[in-house]
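# Structural overview for review
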Amino acid sequence: MWALLVLIGAAAVSAHLQDLAFDRQKVFRVTLQNDKQVEIINSLSNNMQVDFWQPDSVTLVRPKMQVDFRVEADKSFEVEDLLKENGVEYRVLIDNLQAALDAQFDSKARTTGHSYEKYNNWETIAAWTADIAAQNPDLVSRSVIGETYEGRSIYLLKVGKSGPNKKAIFIDCGFHAREWISPAFCQWFVKEAVETYGKDTVLTTLLNSLDFYVLPVVNIDGYVYTWTNNRMWRKTRSKNARSLCIGTDLNRNFNAGWCTIGASDNPCDSTYCGSAPESEKETKALADFIREHLSTIKAYLTVHSYSQLLLFPYSYTYNLPSNYEELKSIAHVATKQLTSLYNTKYTYGPAATTIYPAAGGSDDWAYDQGIKYSFTFELRDTGRYGFVLPESQIKPTCEETLLAVKYIANYVLEHLY
């Protein structure tokens, strides 16, 4: 009994630590004019803990760039003074991160169980994957494609009417643990499939003609950690040899220009590329599955946040993909469809020039495997809330994103290869 009380006490303490962890922390946005101002941001990150939100590493910071970053509460005045002194244009995006974190949970859906308009923890999502398959046996099946570093099953849902020789589209969410809106979209997509099959003509045709492989959370261990310990965690939770620092950035761990640009070989960095391509069990499970189904998978969509972007290859090189014009026109129409609903503005283009170069990404890897329709979504918003998008925005974000995904899927169906 005493041991149980100690456990409960410890759990309450850890929950409470998480409650106060981000009190008075600020998120700044700076607009850098020149190399001197870039240097200031570099020296800041050398002298204190800076969590880069956009771009995701200090090494990617360039002149004429907008940079969003988070600093510890006791450093924020020091940071403001430094920025003012050096004439760096800045504004405070989030004045008190803890208040923003608390405000995330503003959904009217106050169910204790699973909800499509709430952020669900992993346990709830895992149970949902079983339930949705059990309730819709003619449309959804669940499989396990591997396990995470911490031993959790990686669930994959196959969505579609069964039929002979069907081609498929692969969609994954939750590469980066703190991007909570991402797994919310994968769940929403499956919901729409099962609820509107037979009613929505486009989705019905898509599900009759194609299979959708949906991986709701890639980085499960990291996602769990954002619920239990640190809401701002990004990487996996694997241990690194010769380092006390934990985790690898899964989206730098694929064999596509691996660790050459926009990635770090330092395990303590948020963009650590891992000890080798596919060093992470999660990367390997995803890559193995796609390799095994290369003859059928005709499109790859990966969902991240934030920035409101629709990106296509390449990230690891400034070279353009061979079907650049085609990808550009697909992205153009897909973003137009997305914007039509709530007027949410998206930018599109090849990743290296549209945002910044980064090697080892899953989209480039899939493209180089021969999947010629490969896209990365960066969902809402553009920084007002960043990674702490309120639950009240889940529904509109998912509804508009679905329009773009349906357009891309339909295009793929009409251009099978």
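The text that follows walks through the structure, step by step, so that each part is easy to find.

What counts, and at which threshold
- Residues numbered from 1 in each chain as written.
- Predicted model: local features only at pLDDT ≥ 70, side-chain atom pairs only at ≥ 80, totals over all residues.
- Heavy atoms only, no water.
- Axes fitted to C-alpha atoms, helices over the stretch in contact; angles between N-to-C directions.
- Helix = DSSP H or I, 4+ residues; strand = E, 2+ residues; numbered from the N terminus.
- Left-handed = near helix turned anticlockwise from the far one by under 90°.
- Contact = heavy atoms within 4.5 Å.
- Nonpolar A, V, L, I, M, F, W, Y, C, P; charged D, E, K, R; others polar.
- Buried < 20%, exposed > 50% of the residue type's maximum accessible area, 1.4 Å probe, protein only.
- Pairing = 2+ DSSP bridges.
- Disulfide = S-S within 2.5 Å.
- Phe/Tyr/Trp six-rings, centres within 6.5 Å; stacked < 30°, edge-to-face > 60°.
- Lys NZ or Arg CZ within 6 Å of the ring centre and 35° of its normal.

### A short note on the packing of helix α6 (residues 181-196) against helix α13 (residues 394-414)
Contact geometry for α6 and α13: axes closest at 9 Å, N-to-C directions at 65°. As for the relative orientation of α6 and α13, their crossing is right-handed in sense. Here α6 contributes Ile 181, Ala 184, Phe 185, Trp 188, Phe 189 and Glu 192 to the contact with α13, which in turn contributes Ile 394, Lys 395, Thr 397, Cys 398, Glu 399, Thr 401, Leu 402 and Val 405. Across the contact of α6 with α13, the residue classes tally to nine nonpolar, two polar and three charged.

### Things to note about the environment of Ser 329
Among the structural elements, Ser 329 can be located in helix α10 (residues 324-342). Owing to a relative accessible area of 37%, Ser 329 belongs among the partly exposed residues under this scheme. Along the backbone, Ser 329 and Gly 349 are 20 residues apart, and their C-alpha atoms lie at a distance of 9.7 Å.

### Topic: the sheet that holds strand β10 (residues 309-312)
A sheet is described by the order of its strands in space; here eight strands give the open sequence β5-β6-β8-β7-β9-β12-β10-β11, paired in mixed fashion. Of all the strands in the sheet, the pair left with one neighbour each is β5 (140-147) and β11 (347-350). Direction aside, neighbouring strands of the sheet carry axes that sit 20° apart on average. Here strand β9 (residues 297-305) pairs with strand β12 (residues 373-379) via seven bridges, running parallel. If you follow Ser 305 over to β12, its bridge partner there is Leu 379.

### Some words on the sheet that holds strand β2 (residues 50-54)
The strand order across the open sheet built from four strands is β2-β3-β1-β4, with neighbouring strands paired in antiparallel fashion. Sheet topology places β2 and β4 (89-94) at the edges, where each strand pairs with a single neighbour. Sheet twist, expressed as the mean angle between neighbouring strand axes with direction ignored, is 30°. Here six bridges tie strand β1 (residues 26-31) to strand β3 (residues 66-71), and the two strands are oriented antiparallel to one another. Paired with Thr 31 across the two strands is Gln 66, which belongs to β3. Contacts between helix α3 (residues 76-85) and the sheet are confined to β1, β3 and β4, with β1 contributing the most and set at about 10° to the helix.

### What to know about the pairing of β2
Within β2, five of the five residues are buried, which leaves it mostly tucked inside the rest of the structure. As paired strands, β2 and β3 are joined by four bridges and run antiparallel to one another. Paired with Gln 54 across the two strands is Asp 68, which belongs to β3.

### Notes on the state of the cysteines
Taken as a whole and judged by the stated rule, the model has three disulfides. Bridging Cys 173 to Cys 186, the disulfide has an S-S length of 2.1 Å. With the S-S dihedral at roughly 85°, the linkage between Cys 173 and Cys 186 falls on the right-handed side. Highlighted residues: Cys 173 in strand β7 (residues 167-173) and Cys 186 in helix α6, separated in sequence by 13 residues.

### A few points about the packing of aromatic side chains
Inspection of every chain in the model, using the stated rule, returns 29 aromatic pairs. Measuring from centroid to centroid gives 4.4 Å for Trp 180 and Trp 227, while their planes differ by 10°, and the two rings are stacked. Taken together, the positions of Trp 180 in the loop between β7 and α6 and Trp 227 in helix α8 (residues 220-228) put the pair 47 residues apart, joining distant regions of the chain. Trp 227 gets classed as partly exposed once you look at its relative accessible area, which sits at 26%. Here the aromatic rings of Tyr 223 and Trp 227 are separated by 6.2 Å at their centres, their planes lie at 65°, and the arrangement is edge-to-face. Residue Tyr 223 and its partner Trp 227 are located together in helix α8, separated by four residues, close to a single helical turn. Relative accessible area serves as the criterion here: at 2%, Tyr 223 is assigned to the buried category. Here the aromatic cluster, defined as three or more aromatic residues joined through ring pairs, consists of Phe 105, Tyr 119, Trp 180, Tyr 223 and Trp 227. Above the face of the Trp 188 ring, Lys 191 is positioned so that its terminal group lies 4.3 Å from the ring centre. When the ring centre of Tyr 417 is taken as origin, the NZ or CZ atom of Lys 372, which lies over that ring, is 4.8 Å away.

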